[in-house]
Amino acid sequence: MTSPAALTGQMPRSRKRTPRNRSIRQRRRARQQRANAGRRVVATLRPGESLEHLITPEDVEILQKALDAEVRGDATGAWQHHMSGLIVEESLTHHSLRELAVLGDDAPAWMCSRWAVDQSLRWMLVCEDPRCDEIVRLVLAGLHDDQLERLLDDLLALKEYGTLVAATDWVYQQLAAYEYGGLRDFLDVRAEGGLLERLDHIDEWERSAISSYELVGVRDDVIEVRRLSDDVTEELLNLGATTDIGPGAYVVGRVVPTSAWPFAMFESRPLPVDVETARAVGERMSSEGDFGWFWALAEAHGDGRLPSGATCRNTTLWSTDVIPDRGRSTGEPSPRMRDLMNAGLSEYVANCVTVVEVGLIVAEVSGDVGAIASHVTASMIDPRVHDALRHHGVEPGRGPLWRVLAAGTPSPVRERCLELAELSEQAAA
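These numbers come from a predicted model, not from an experiment.

**Q** Which residues make up the pairing of strand β6 (residues 250–257), and what are the values?
**A** Each regular strand shows side chains that alternate between the opposite faces of the sheet. The element β6 is extensively covered by neighbouring structure, given that eight of its eight residues are classed as buried. Along β6, one buried face is formed by Tyr250, Val252, Arg254 and Val256 and the opposite face, lined by Val251, Gly253, Val255 and Pro257, is buried too. Strand direction decides the pairing type here: strand β3 (residues 210–219) and β6, joined by five bridges, are antiparallel. If you follow Ser211 over to β6, its bridge partner there is Gly253. Here β6 runs beside strand β8 (residues 271–273); their pairing, made up of three bridges, is antiparallel. Bridge pairing in β8 places Val252 opposite Leu271. Relative to strand β7 (residues 264–266), β6 runs antiparallel, the two sharing three bridges. By the bridge assignment, Pro257 is partnered in β7 with Ala264. Remark: six residues form the turn of the hairpin made by β6 and β7, two consecutive strands paired antiparallel; Phe263 in that turn has positive phi of roughly 75°.

Below you can see the structure in the form of structure tokens.
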């Protein structure tokens, strides 16, 4: 039920469909145009649509080189290979790889562990692991059954929907990597030393279990959560799990250890659910074992509390739990952004600088960075933004504000904020 379309992760929105069957002459012309133009080729497909009609032998070779670089832990090489081949529009893989590449040795180990989990999922698909289709069928039956009736008479639509589930469904990804053993097999069979040495408590990640939590609140760089199964309160690394849902929300997620303070985090952005479903997950995990959480979610779907597609909206970059804004802004840049762009910054970097400046305003008004901490982290993880702030964010008097931001952000952003604090204090001296 899966296809090469699933290899790249997030599927794009539909625009104009490219004809499926191209002649040899058309394929040769496309390859020649690509070589002559020296530019990236970006595919825009229906959600779940196969890439087979677009992929050339050169693309297959490039993809294999990229995957080989990833299993060695070579993010820079993998990103360069990814960008030289066919790119699926709005896939997050190349964006995440770029972040790892530019961070280099500053990339936190937990981010590399998330990378390894993502690699394990793509490895299973590339190898056409039979577990993939088994898990897709399970997830379709449990969480998407109301879509099957309209799909059963259209085998192509059914295949594409299955591919969409394999590419984007949080439940599928959790089952494949953990309960079905994909991550363990990837670490044992495919991952090489250069990758393994960058990972953070990955063996304990592989053995971790899903549970349900209440997001109690955010304090500095931690999220306080309450585990419903035993009412225990934990502190987790704040990467933005409360974004868009707020403190007080209930989620289903997998808490894993990390070497970064406070030494625990969500393995990926957790899935928001209602309180009844959250309680059911806790109860079923206690009585039914590893798959109890899945059956609780399937029951919630059957009762109308978890609509089809609700588990397909959770994809983030490896560096954050903030879901990316896929909208296209049609408005004019703000005056501050325009000033920064006139000073030579790209629109993206200028936008990130303004996000961080909002964080400084919040710090000045409230004395802490609060809910915007995760947005500051997501912006400042990019070294280009850090460099821009060295020139545009260190006015005298900002030193204490940068220290507030440092207290609310994880490494390496914390250290960058402390450096900017020192530069601001030097400017005031």
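**Q** Could you give an account of the environment of Asp220, naming the residues involved and the relevant values?
**A** Along the chain, the position of Asp220 falls in the loop between β3 and β4 (222–227). Here Asp220 falls in the partly exposed class, since its relative accessible area comes to 40%. Considered as a pair, Asp220 and Ala373 are 153 residues apart in the sequence and their alpha carbons are 7.9 Å apart. Apart from residues lying up to four places away in sequence, Asp220 is in contact with Asn238, Ala407 and Gly408.

**Q** Go over the pairing of β4, please, and point to the residues and values.
**A** Direction of pairing for β3 relative to β4: antiparallel, over a ladder of six bridges. Residue pairing across strands places Leu215 opposite Val225, the latter belonging to β4. Connecting β3 to the antiparallel partner β4 that follows it, the hairpin turn spans two residues, and Asp220 within it adopts a positive phi of roughly 55°. Relative to strand β5 (residues 232–237), β4 runs antiparallel, the two sharing six bridges. Of the residues in β5, the one forming a bridge with Val222 is Leu237. Turn length for the β4-β5 hairpin, with the two strands adjacent in sequence and antiparallel, is four residues, and the turn residue Asp231 shows positive phi of about 65°.

Definitions and cut-offs
- Residues numbered from 1 in each chain as written.
- Predicted model: local features only at pLDDT ≥ 70, side-chain atom pairs only at ≥ 80, totals over all residues.
- Heavy atoms only, no water.
- Buried < 20%, exposed > 50% of the residue type's maximum accessible area, 1.4 Å probe, protein only.
- Helix = DSSP H or I, 4+ residues; strand = E, 2+ residues; numbered from the N terminus.
- Pairing = 2+ DSSP bridges.
- Contact = heavy atoms within 4.5 Å.

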